[in-house]
Each structure stands twice: as structure tokens, then as C-alpha cells.
Amino acid sequence: MQIAIDGPVAAGKGTIARLLAKKINARYVDSGAMYRAVAVLGLRKNISLENPVELLLELKKVPLRLRPARDKFSFDVYLNDENVQDNIRTSEVSRGSAVVAQYPKIRSYLVKIQKEIASKFSVVMEGRDIGTVVLSNADIKIYLIADQKTRALRRQKQLEEKGEYVSFEKVLQETIERDNRDMSRAINPLKKASDAIEFDTSNMSIEQVINELVEIIKEKKI
Ligand code: DC
């Protein structure tokens, strides 16, 4: 079974995809974590994030892999043999990930890994181009949205939980910039697939969204 979940920054993709995967006994794949790990690699090695040739060379040397996490149903991202899962959520890495995600060769390197995982396991995979490109034949495609203010508040809370305190205005600005970059890039931009079901999560509880998704899966009889 393949379930694709796409949407803009902090629309609830991660939380919902993770819970849903657990509920239906599938693996949860966070494709954004992989773009984030590429940004971590560039920042660590002092490679400009606007230099896709150097980044790709380094990426092939390292390389980047997904390995089962402790919970057994999700994956942690590794650079070489180092688990970098705890290093990918800073604001600097968020900004950088939207930059490296513009480059076709970096995208194809990561999309190949994403497709491989989905060929081995039932997955709930979230990102920006999952319904349109990575799992274009997914059984179910979900497009999550929420209003800008709700999303910025969620993002601010996520950062706070990691010990990073950023003003609401700054988070809002960064959210807008990252969405613009993700939606306007030439290659595989964030876009709702024509056959995706849209959910506005602004006024829905996580439980409500999960229950509706489970109903949709039942109806589809996958
Ligand atoms: O979902 P996220 O915020 O962790 O993703 C980080 C960045 O990676 C995001 O700005 C866009 C990029 N991304 C992408 O281009 N395609 C994906 N499938 C997932 C993420």
C-alpha cells in the first residue's frame, strides 16, 4: 500500500503521516528529512548550498541512507554511518533544505531512495512531490493545507520544543519564503496532484483527520 501526503510547511503532514502509518501498520517515510540531511552535509563541509555539483559529489562519497529507527516503523537518516536525525530541525537547516531541493540531480538521487523504500514496504510517505512524482500511482493521495497563521504558530512551537526561540513574525516570514521557494521551483514544485484529496487542518484535530483518513482507506478497500 502506498499513501502519499503532501502540503506546505507545518500543515500537519509529519504528525498525521506518522500516526496513520502506525495505525495501518505501514512504514512512515519523511522525505523532507532527506533534503534536510543534504543541507546538513553542505553546511558541515563548507560547500555552498547553491553548488549542486559539489553537493552531489560529496553526497555520493558519503552516502546518505535511511535506516530503520528504534520504533521499527519509521526511518532515521544517516550520513555515512552517523545518525543525523537530531541535527536536521534547526532554522538554518530548514532554510538550506529548500535551497538544495531546487536542484534536479539532488532530487533524483533522493527520489530513487524514496522509490526503493516504497517498493519494499507499505508506506505513508510525506513531502512535496510524493503524489505528483515519487508515488504517482499511490493508492491514496492526500494534500494537507492550513492557514498561514496556524502553520507559523505550529512551526514556532516545534522550534521551541527543540529549544530554539524565534519570534512569530520571523517564523511567519520564513514559512512564507520557504513555501514560495517550494511552490515556484522549476523541478517538481509543491503542487496538489489532480487526484489528491484536500484537507484543511486549520480547524481540525489530529484525531479527526486520522479518523477521516482511516475511513477513506476502508472505503477504498486497499
Ligand atoms: O517537510 P520539510 O519541511 O521537512 O522539508 C524540508 C524541505 O525539503 C522543504 O522546504 C522542501 C524540501 N522537500 C522537497 O522539496 N520535496 C519533498 N518531497 C520533501 C521536502
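Residues numbered from 1 in each chain as written. Predicted model: local features only at pLDDT ≥ 70, side-chain atom pairs only at ≥ 80, totals over all residues. Heavy atoms only, no water.

Novice: Please clarify how the pattern of salt bridges should be interpreted in this entry.
Specialist: A pair can form between side chains of opposite charge whenever their charged atoms are brought close. In total, this model carries 17 salt bridges according to the counting rule given. Across the pair Glu174 and Lys170 runs a salt bridge whose closest N-O atoms are separated by 3.6 Å. Residue Glu174 and its partner Lys170 are located together in helix 8 (residues 168-184), separated by 4 residues, close to a single helical turn. Assessed through its relative accessible area of 17%, Glu174 is described here as buried. (Salt bridge = Lys/Arg side-chain N within 4 Å of Asp/Glu carboxyl O. Helix = DSSP H or I, 4+ residues; strand = E, 2+ residues; numbered from the N terminus. Buried < 20%, exposed > 50% of the residue type's maximum accessible area, 1.4 Å probe, protein only.)

Novice: Help me understand the site of the ligand, please; the structure alone is not making it clear to me.
Specialist: Near the ligand you find 16 residues, and of these Arg36, Arg107, Arg128, Asp129 and Arg178 are the closest. Side-chain polar atom of Asp182 to an oxygen atom of the ligand: 3.0 Å apart, as the coordinates give it. Contact distances for the ligand include 2.9 Å between an oxygen atom and a side-chain N or O atom of Arg185. Notes on the ligand: free accessible area 440 Å², of which the protein chains cover 96%. For the shell around the ligand, the secondary-structure elements that each account for two or more residues are helix 2 (31-44), helix 4 (91-100) and helix 8. Per element, the largest residue contribution to the shell around the ligand is 4 residues, and it comes from helix 2. Residue composition of the shell around the ligand, by class: 4 nonpolar, 4 polar and 8 charged. (Near = heavy atom within 4 Å. Polar contact = N/O pair within 3.5 Å; in protein donor to acceptor, adjacent residues only side chain to side chain. Areas by Shrake-Rupley, 256 points an atom, 1.4 Å probe, with all protein chains shown as cover. Nonpolar A, V, L, I, M, F, W, Y, C, P; charged D, E, K, R; others polar.)

Novice: Would you mind going over the side chain of Asp30 with me for this structure?
Specialist: For Asp30, the location among the structural elements is in strand 2 (residues 27-30). In this structure the side chain of Asp30 is engaged in a polar contact, spanning 2.8 Å, whose partner is the side chain of Arg89. Dropping the residues within four chain positions of it, Asp30 is found in contact with Arg89 and Glu126. (Contact = heavy atoms within 4.5 Å.)

Novice: Hey, could you run me through the packing of helix 2 against helix 5 (residues 104-120) in this one?
Specialist: Two quantities define a packed helix pair, namely the angle between the axes and the distance from one axis to the other. At a minimum axis separation of 11 Å, helix 2 and helix 5 run at an interaxial angle of 140 degrees. Here helix 5 runs oblique to helix 2, going by the angle between their axes. Remark: the crossing between helix 2 and helix 5 carries right-handed chirality. Contacts between helix 2 and helix 5 involve Ser31, Met34, Tyr35 and Val38 from the first element and Ile106, Arg107, Leu110, Val111, Ile113 and Gln114 from the second. The residue makeup of the contact of helix 2 with helix 5, split by class, is 7 nonpolar, 2 polar and 1 charged. (Axes fitted to C-alpha atoms, helices over the stretch in contact; angles between N-to-C directions. Parallel < 35°, antiparallel > 145°, perpendicular 65-115°, else oblique. Left-handed = near helix turned anticlockwise from the far one by under 90°.)

Novice: Even after reading the chapter, I still don't get helix 4, so can you show me in this structure?
Specialist: For an α-helix the count is 3.6 residues per turn, leaving residues at separations of three or four pointing the same way. Most of helix 4 is tucked away: 8 of the 10 residues are buried. Listed in full, the buried residues belonging to helix 4 are Ser91, Val93, Ser94, Gly96, Ser97, Ala98, Val99 and Val100. Elements that come into contact with the buried residues of helix 4 comprise helix 2, helix 3 (52-61), helix 5, helix 7 (148-161) and helix 8.

Novice: Help me out: how do you make sense of the sheet that holds strand 5 (residues 82-83) in this one?
Specialist: Strand pairing within a sheet occurs via backbone hydrogen bonds; the two strands may be parallel or antiparallel. Taking strand neighbours across the sheet as the criterion, the 3 strands line up as 3-4-5 in an open arrangement whose pairing is antiparallel. Each edge of the sheet is formed by a strand with only one pairing partner; in this case those strands are strand 3 (64-68) and strand 5. Sheet topology note: the strand 4 (residues 75-79)/strand 5 ladder contains 2 bridges and is antiparallel. Note on strand 5: the bridge partner recorded for Tyr78 is Asn83. Against the sheet, helix 2 contacts strand 3, strand 4 and strand 5, and its axis sits at roughly 25 degrees relative to strand 4. (Pairing = 2+ DSSP bridges.)

Novice: What exactly am I supposed to notice about the sheet that holds strand 8 (residues 197-200) here?
Specialist: The 5 strands are arranged 2-6-1-7-8 in an open sheet whose pairing can be described as parallel. Edge positions in the open sheet fall to strand 2 and strand 8, since each of these has one partner strand only. Taken over all neighbouring pairs, the strand axes of this sheet differ in orientation by 20 degrees on average, direction set aside. Pairing analysis gives 5 bridges linking strand 1 (residues 2-6) to strand 6 (residues 123-127), with the strands arranged parallel. Bridge pairing links Ile3 to Val124 in strand 6. Sheet strands touched by helix 1 (residues 13-24): strand 1, strand 2, strand 6 and strand 7 (140-145). Its angle to strand 6, the strand with the most contacts, is close to 175 degrees. Sitting on the sheet, helix 5 touches strand 1, strand 2 and strand 6, and the angle it makes with strand 6 is about 160 degrees.

Keep in mind these numbers describe shape, not what the thing actually does.
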